[in-house]
Amino acid sequence: DVKVTQSSRYLVKRTGEKVFLECVQDMDHENMFWYRQDPGLGLRLIYFSYDVKMKEKGDIPEGYSVSREKKERFSLILESASTNQTSMYLCASSSGQSYGYTFGSGTRLTVV
Amino acid sequence: AQSVTQPDIHITVSEGASLELRCNYSYGATPYLFWYVQSPGQGLQLLLKYFSGDTLVQGIKGFEAEFKRSQSSFNLRKPSVHWSDAAEYFCAVGLYNNNDMRFGAGTRLTVKP
């Protein structure tokens, strides 16, 4: 069974901390994505990557960066966490638009 | 502007009743269309997808959806809802040769006993 694994289900961090959210997929997918999910706003794209070391900004990249050093791993970095980054973060991967995305279980991040 | 609209934020149906969740999109061309389901505390799971051919598509868990080009709609249906269908449902659209998928705001489904 194909899988996207997010390393943490719940995280609590302090304002100003550097936060790493990790995502690993075992499907050899080229494309990987980071979304944040907030009530009433649906999913908003933060960054995506279509190849190793490649990245593209999504709709809300401010305050975030990403890293993709290996095909299977896509990391989301909050350089200096702020309370307005408290959210559910979802990682997804895909081998192409027509196939849809496979999502991880999400990381619920609370910044205090 | 390109958009995906799910007009219903929350729907409540009785177990055994039929269900229809609405989705409208605004894009220049016919996009790829998807429905996802999210159980509480979980990621999203693909229910079904459409990108060409028969406009009525079947998915997992007994769901189906119908693409209507004239109405720019892709509504999700199920003839008889089960208590385990209580979840949040997201409509999504993607464009050919574009790695970006757009999601609606979601519809939360409550199932009454």
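Here is a short report on the structure shown in this document.

The rules behind each value
Note on numbering: residues in each chain are counted from 1, in written sequence order. Whichever chain is written first becomes A and whichever ligand is written first becomes 1, with later ones labelled in order. Reporting of local features is limited, given that this is a predicted model, to residues whose pLDDT is at least 70; pairs of side-chain atoms are given and counted only at 80 or more, and all residues count toward the totals for whole chains, interfaces and linings. Excluded from the side-chain calculations are hydrogens and water; all other atoms, namely the structure's heavy atoms, are used. Definitions used throughout: a 1 Å grid over protein atoms alone; a cavity as a set of points that fits a 1.4 Å probe which cannot get out; a pocket as an open set with protein on both sides within 12 Å along at least five of seven lines; a lining residue as one with an atom within 4 Å of a point. Grid points are joined across faces, edges and corners, and a volume is the space filled by probe spheres set on the points. Numbering of helices and strands runs from the N terminus; a helix is a DSSP stretch of H or I covering at least four residues, while a strand is a stretch of E covering at least two. Just so you know the grouping, Ala, Val, Leu, Ile, Met, Phe, Trp, Tyr, Cys and Pro go in nonpolar, Asp, Glu, Lys and Arg go in charged, and all remaining residues, Gly too, go in polar. Should any heavy atoms of two residues lie within 4.5 Å, those residues are counted as being in contact. As used here, buried area is the combined drop in accessible area, with a 1.4 Å probe, of two parts when they are placed together. The salt bridge criterion pairs a side-chain nitrogen of Lys or Arg with a carboxyl oxygen of Asp or Glu, the two atoms within 4 Å. The term polar contact refers here to a pair of N or O atoms within 3.5 Å; inside protein, the definition further demands a hydrogen-donor-capable atom paired with an acceptor-capable atom, and it admits residues adjacent in sequence only when both atoms are side-chain atoms. Within 6.5 Å between ring centres, the rings of Phe, Tyr and Trp (the latter by its six-membered ring) count as paired, and their orientation is classed by plane angle as stacked under 30 degrees, edge-to-face over 60, tilted in between. Exposure classes here rest on a 1.4 Å probe applied to the protein chains alone. A residue is buried below 20% of its type maximum, exposed above 50%, and partly exposed in between. In this text, buried Ala, Val, Leu, Ile, Met, Phe, Trp, Tyr and Cys residues form a nonpolar core when linked through side-chain atoms within 4.5 Å. Working definition: a disulfide is two cysteine sulfur atoms within 2.5 Å of each other.

### Here's the deal with the layout of surface pockets
- Taken as a whole, the largest pocket spans an internal volume of roughly 440 Å³.
- Q37(A), P39(A), Q38(B), E88(B) and F90(B) are the residues nearest the centre of the largest pocket, which is lined by 23 residues in total.
- Residue assignment for the lining of the largest pocket shows that the elements contributing at least two residues are β5 (31-38) and β10 (87-94) of chain A together with β10 (87-94) of chain B.
- Per-class residue counts for the lining of the largest pocket are eight nonpolar, eleven polar and four charged.

### Concerning the interface of chain B and chain A
- With 22 residues of chain B in contact, the opposing surface of chain A contributes 22 residues.
- Between chain B and chain A lies a buried interface of about 1,700 Å² when both sides are counted; carbon and sulfur atoms form 51% of it.
- The interface formed by chain B and chain A includes one salt bridge.
- Put simply, D59(A) and R102(B) hold a salt bridge, and the shortest N to O gap is 2.7 Å.
- Counting across the interface, chain B meets chain A through seven residue pairs in polar contact (both at pLDDT 80 or more).
- Contributions of two or more residues to the side of chain B that touches chain A are made by β5 (32-38), β6 (44-50), β10 and β11 (101-103) of chain B.
- With four residues, β5(B) is the largest single contributor of residues to the side of chain B that touches chain A.
- Grouping the amino acids of the side of chain B that touches chain A by side-chain chemistry returns eleven nonpolar, eight polar and three charged.

### Considerations on the side chain of T107(A)
- With respect to the secondary-structure elements, T107(A) resides in strand β12 (residues 107-111).
- In this structure, T107(A) is in contact with Q6(A), S8(A), R9(A), L11(A), L21(A), S87(A), M88(A) and Y89(A), ignoring residues within four places of it in sequence.

### Here's the deal with the packing of aromatic side chains
- For the structure on display, the rule yields 17 aromatic pairs over all chains.
- On the numbers, 5.3 Å between centres and 80° between planes, the contact of Y35(A) with F103(B) is edge-to-face. Separated into two different chains, Y35(A) in strand β5 and F103(B) in strand β11 make up a pair that spans both. Side by side, Y35(A) and F103(B) carry an identical accessibility label, which is buried.

### Regarding the nonpolar core
- Counting residues in each nonpolar core, the largest one holds 28 residues, and the members touching the most others are L19(B), W35(B), L47(B), L48(B), F74(B), L76(B) and Y89(B).
- No other element matches β10(B), which puts four residues into this core.
- Once you skip the residues sitting within four places of it in the chain, L76(B) turns out to touch L19(B), E20(B), L21(B), W35(B), L47(B), L48(B), F63(B), E64(B), A65(B) and Y89(B).
- One finds V4(A), M27(A), Y47(A) and L78(A) within the second-largest nonpolar core, a separate group that totals 21 residues.

### Digging into the state of the cysteines
- Going through the model one piece at a time under the given rule, you end up with two disulfides over all chains.
- Two residues share a disulfide in this structure: C23(A) and C91(A), whose sulfurs sit 1.9 Å from each other. Its S-S torsion of about -75° marks the bond between C23(A) and C91(A) as left-handed, since a negative value means left-handed. With C23(A) in strand β4 (residues 23-25) and C91(A) in strand β10, the pair connects residues that are 68 residues apart, well separated along the chain.
- Classification of C23(A) as buried rests on a relative accessible area of 0%.
- For C91(A), a relative accessible area of 0% puts it in the buried group.
- Shown here is the disulfide that connects C23(B) with C91(B), its sulfur atoms set 1.9 Å apart. Since a negative S-S torsion denotes a left-handed disulfide, the C23(B)-C91(B) link at about -65° is left-handed. Taken as a pair, C23(B) in the loop between β3 (19-21) and β4 (24-26) and C91(B) in strand β10 lie far apart in primary sequence, 68 residues in all.
- Overall, the relative accessible area of 0% leaves C91(B) in the buried class.

None of the figures reported here should be taken as evidence of function without further support.
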